[in-house]
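Report on the structure
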Amino acid sequence: LGVDLDRHPSAGVRAAILAAGGTGKVASTPVIDLLQGGRGFATYRPLVGRDGRLQGFVNGVFRIDVLVE
C-alpha cells in the first residue's frame, strides 16, 4: 500500500511490530481500523537473516466481517 507502518494511525500496529521484533515471535494488534477499510487485526512475523539480524516482517491482515462469514 506504500504506507510507512511506523506512522500508522493505530498505536497498536507500532506496538505489535516492536513486540515481534523484540521477541522474535509473531505479534498481533488489537482490533483496529484497517487502511483498506473495515475493522480487523494484523499480525507480524519477524524475518531474520543468516547473520541473525532482522530483515523485515511478514504481515497478515484479517478483516473481522470476512472471518465471521
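Here goes a summary of the coordinates provided.

Glancing now at helix H1 (residues 11-23). In a regular helix each residue adds 1.5 Å, so 13 residues correspond to 18 Å; H1 covers 18 Å between its end C-alpha atoms and thus fits that length. Looking at H1, one finds that the buried residues are Gly 12, Val 13, Ala 16, Ile 17 and Ala 20. Each buried residue of H1 sits inside an arc of 135 degrees when the element is viewed along its axis, so together they form one side. When the buried face of H1 is taken as reference, the exposed residues oriented beyond 90 degrees from it are Ala 11 and Gly 22.

Let's shift gears to the pattern of salt bridges. Where charged atoms from two side chains of opposite charge come close, those side chains can pair. Following the criterion strictly, the structure yields 4 salt bridges and no others. A salt bridge links Asp 51 to Arg 53; the shortest N-O distance between them is 2.9 Å. Judged by relative accessible area, Arg 53 falls into the exposed class, the value being 56%.

This next bit is on the nonpolar core. Counting residues in hydrophobic clusters, the biggest one holds 9 residues: Val 13, Ala 16, Ile 17, Ala 20, Ala 27, Ile 32, Leu 34, Ala 42 and Tyr 44. By residue number, the principal contributor to this core is H1, which donates 4 residues. In this structure Leu 34 touches Arg 39, Gly 40, Phe 41, Val 61, Phe 62 and Arg 63, once residues within four positions along its chain are discounted.

Cut-offs applied
- Residues numbered from 1 in each chain as written.
- Predicted model: local features only at pLDDT ≥ 70, side-chain atom pairs only at ≥ 80, totals over all residues.
- Heavy atoms only, no water.
- Helix = DSSP H or I, 4+ residues; strand = E, 2+ residues; numbered from the N terminus.
- Expected span 1.5 Å × (residues − 1).
- Buried < 20%, exposed > 50% of the residue type's maximum accessible area, 1.4 Å probe, protein only.
- Arc of directions from axis to C-beta.
- Salt bridge = Lys/Arg side-chain N within 4 Å of Asp/Glu carboxyl O.
- Core = buried A, V, L, I, M, F, W, Y, C linked by side-chain atoms within 4.5 Å.
- Contact = heavy atoms within 4.5 Å.

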